[in-house]
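Here is what each chain is made of, one letter per residue.
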Amino acid sequence: MTAGERTPSDAPVHLLVPNPAGSASNTIDVLPVLRRYGRVIAVDLPDSMTGHTEARGRRAHGLEADAIFLRDLTDALGLDKVVVHGWSAGGMVALLFADLAPERVAGLVLVAPALPPPLGAGESRWWRTVGRAGLAVAPPIARAALRVFGTRLIDRKRAVLSDPAASGWDLAGGDGSRLSAEIRELAVAELGTAGPSQWGRGITVFASIMSAMFVRRRPVQDAMRRTSAPTLLLWGDDDRLIVRAWIDDWTAHRPDWQLTVLDTVGHALPIEVPQRYAEAVGEWLAGAFRRG
């Protein structure tokens, strides 16, 4: 967990929640530029793939457990009101936390969030049958494969991070050359310390995310419907993981959410364009909170 410098007492505390597969290190570039808007705290979720926070028990895994962890963390730090930033699947965790402890969430910043997308009747049936079965059997198979190919996969991922022009970055969209040298070096170092067990946890996390998006959708959909916190939906128009049709569906159901689209930016907004990210948040805070 990393904290920003002291700020005026009336400024909000910003709680940064990364993708559960990543770590608080993913926020190191956006953290200092957000400090002008309040104190900033970046969180390592329990048992994330490259994080450093251990889960408290065998059952303390999954997105709901991560939301409980955020509630307990804000308890321990005495944080009565926070603006929660959730990036990618961290957006799902942030939303579940806002539903679990609405009195603590002054605002939500959902950054290219992984939320349940619109599904047709046929797609929904497929996910409830074939997709559900696949998510049940795939993780053990993938963990076994990691024992054989894990080192090679880690080396490939480190090569892409070292040279974002290499094939592989395109999965996120945007321009990988915008990443700072510091964030690339840190990501490579963290991957270097990740072993098969951590990658195995990453597979479990990925299966949990896919289930919440496509199979066991109701808890997150209910949280999307119920949340009353002012919400900024921040998205890059070159994101190849979270597509525009999903964004349009979510804003059709929640027209009160403010949508801000960053041109020529991909899925990794906090590390690709941290300054533009912070400016978008600042503009939203100035409008949403002064009106309140």
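Remember, predicted model here, so these are calculated numbers, not experimental data. (Residues numbered from 1 in each chain as written. Predicted model: local features only at pLDDT ≥ 70, side-chain atom pairs only at ≥ 80, totals over all residues. Heavy atoms only, no water.)

Caption draft 1: Focus on the pattern of salt bridges. Evaluated as defined, the whole model comprises 10 salt bridges. Salt-bridge contacts for Asp75 lead to Arg104; the nearest nitrogen and oxygen are separated by 2.6 Å. A residue pair is termed long-range when its members are at least 10 positions apart, and Asp75 in helix H2 (residues 63-77) and Arg104 in the loop between helix H3 (89-100) and strand S5 (105-111) qualify at 29 residues. Across the pair Arg244 and Asp248 runs a salt bridge whose closest N-O atoms are separated by 2.8 Å. A residue pair is termed a helical-turn pair when its members lie 3 or 4 positions apart in one helix, as Arg244 and Asp248 do in helix H8 (residues 244-253) at four residues. Residue Asp248 is classed as partly exposed on the basis of its relative accessible area of 35%. Through salt bridges with shared partners, a single ionic network connects Asp75, Glu103 and Arg104. (Salt bridge = Lys/Arg side-chain N within 4 Å of Asp/Glu carboxyl O. Helix = DSSP H or I, 4+ residues; strand = E, 2+ residues; numbered from the N terminus. Buried < 20%, exposed > 50% of the residue type's maximum accessible area, 1.4 Å probe, protein only.)

Caption draft 2: Looking closely at H3. For H3, spanning 12 residues, the distance from its first C-alpha to its last is 17 Å, which sits close to the expected 16 Å at 1.5 Å a residue. The buried fraction of H3 amounts to 10 of the 12 residues, a majority that puts the element mostly inside the structure. For H3, the full list of buried residues reads Ala89, Gly90, Gly91, Met92, Val93, Ala94, Leu95, Leu96, Phe97 and Ala98. (Expected span 1.5 Å × (residues − 1).)

Caption draft 3: View of the environment of Ile68. Considering the arrangement of structural elements, one finds Ile68 in helix H2. According to the relative accessible area criterion, Ile68 is partly exposed, its value standing at 34%. Sequence separation between Ile68 and Val93 is 25 residues; the distance between their C-alpha atoms is 9.3 Å.

Caption draft 4: Representation of the packing of H3 against helix H7 (residues 218-226) within the structure. Between H3 and H7, the shortest axis-to-axis distance is 9 Å and the interhelical angle comes to 65°. Every pair of crossing elements has a handedness; the one defined by H3 and H7 is left-handed. The segment H3 lies against H7, with Met92, Leu95, Leu96 and Asp99 engaging Pro219, Val220, Ala223, Met224 and Arg226. When the residues that make up the contact of H3 with H7 are grouped by side-chain class, the tally is seven nonpolar, no polar and two charged. (Axes fitted to C-alpha atoms, helices over the stretch in contact; angles between N-to-C directions. Left-handed = near helix turned anticlockwise from the far one by under 90°. Contact = heavy atoms within 4.5 Å. Nonpolar A, V, L, I, M, F, W, Y, C, P; charged D, E, K, R; others polar.)

Caption draft 5: Expanded view of the confidence of the model for the protein chain. Across the protein chain, the average pLDDT comes to 84, with 76% of residues at 70 or higher. Long-range and interchain partners of residues 1-6, a stretch whose pLDDT sits below 50, account for 16 contacts in this model, where long-range means more than four residues apart. (pLDDT = per-residue confidence, 0-100.)

Caption draft 6: Here's a closer look at the packing of aromatic side chains. For the structure shown, the criterion picks out four aromatic pairs. Each ring, one from Phe214 and one from Trp246, has its centre 6.5 Å from the other, and the planes form 70°; the classification is edge-to-face. Of this pair, Phe214 sits in helix H6 (residues 196-214) while Trp246 sits in helix H8, and the two are 32 residues apart along the sequence. We classify Phe214 as buried; its relative accessible area is 11%. Judged by centre distance (6.4 Å) and plane angle (50°), the rings of Trp246 and Trp250 are tilted. (Phe/Tyr/Trp six-rings, centres within 6.5 Å; stacked < 30°, edge-to-face > 60°.)

Caption draft 7: Geometry of the nonpolar core. Ranked by size, the top nonpolar core spans 48 residues in total, and within it Leu70, Met92, Leu115 and Trp250 carry the most contacts. It is H3 that provides the largest number of residues to this core, a total of eight residues. Not counting chain neighbours up to four residues away, the residues in contact with Leu115 comprise Met92, Leu95, Leu110, Met213, Val220, Met224, Trp250 and Trp257. Ranked by size, the runner-up nonpolar core spans 30 residues in total, among them Val30, Leu31, Leu269 and Val281. (Core = buried A, V, L, I, M, F, W, Y, C linked by side-chain atoms within 4.5 Å.)

Caption draft 8: Representation of the pairing of strand S7 (residues 258-262) in the model. Of the pairings in the sheet, the one linking strand S6 (residues 231-236) to S7 comprises five bridges and is parallel in character. Among the inter-strand pairings, Leu233 is bridged to a residue of S7, identified as Leu259. Running through H8, the crossover from S6 to the neighbouring parallel element S7 is right-handed. (Pairing = 2+ DSSP bridges. Right-handed = clockwise from strand over helix to strand, strands pointing away.)

Caption draft 9: Local environment of the side chain of Asp239. For Asp239, the location among the structural elements is in the loop between S6 and H8. Among buried Asp, Glu, Lys and Arg side chains, Asp239 stands out as unpaired, with Arg240 the closest opposite charge at 7.8 Å. At 3.0 Å, the side chain of Asp239 forms a polar contact with the backbone nitrogen of Ile242. Setting aside its immediate chain neighbours within four residues, Asp239 contacts Ala112, Ala172, Val265, Gly266 and His267. (Lys, Arg positive; Asp, Glu negative; His and termini not counted. Polar contact = N/O pair within 3.5 Å; in protein donor to acceptor, adjacent residues only side chain to side chain.)

Caption draft 10: Representation of the environment of Leu100. Structurally, Leu100 can be placed in helix H3. It is 9.7 Å that separates the C-alpha atoms of Leu100 and Leu70, two residues lying 30 residues apart in sequence. When sequence neighbours within four positions are dropped, the list of residues in contact with Leu100 reads Ala67, Ile68 and Arg71.

Caption draft 11: How the structure looks around unusual backbone geometry. The phi angle at Ser88 is positive, at roughly 60°, despite the residue not being glycine. Of note, Ser88 is situated in the loop between strand S4 (82-87) and H3. Judged by relative accessible area, which is 8%, Ser88 ranks as buried.

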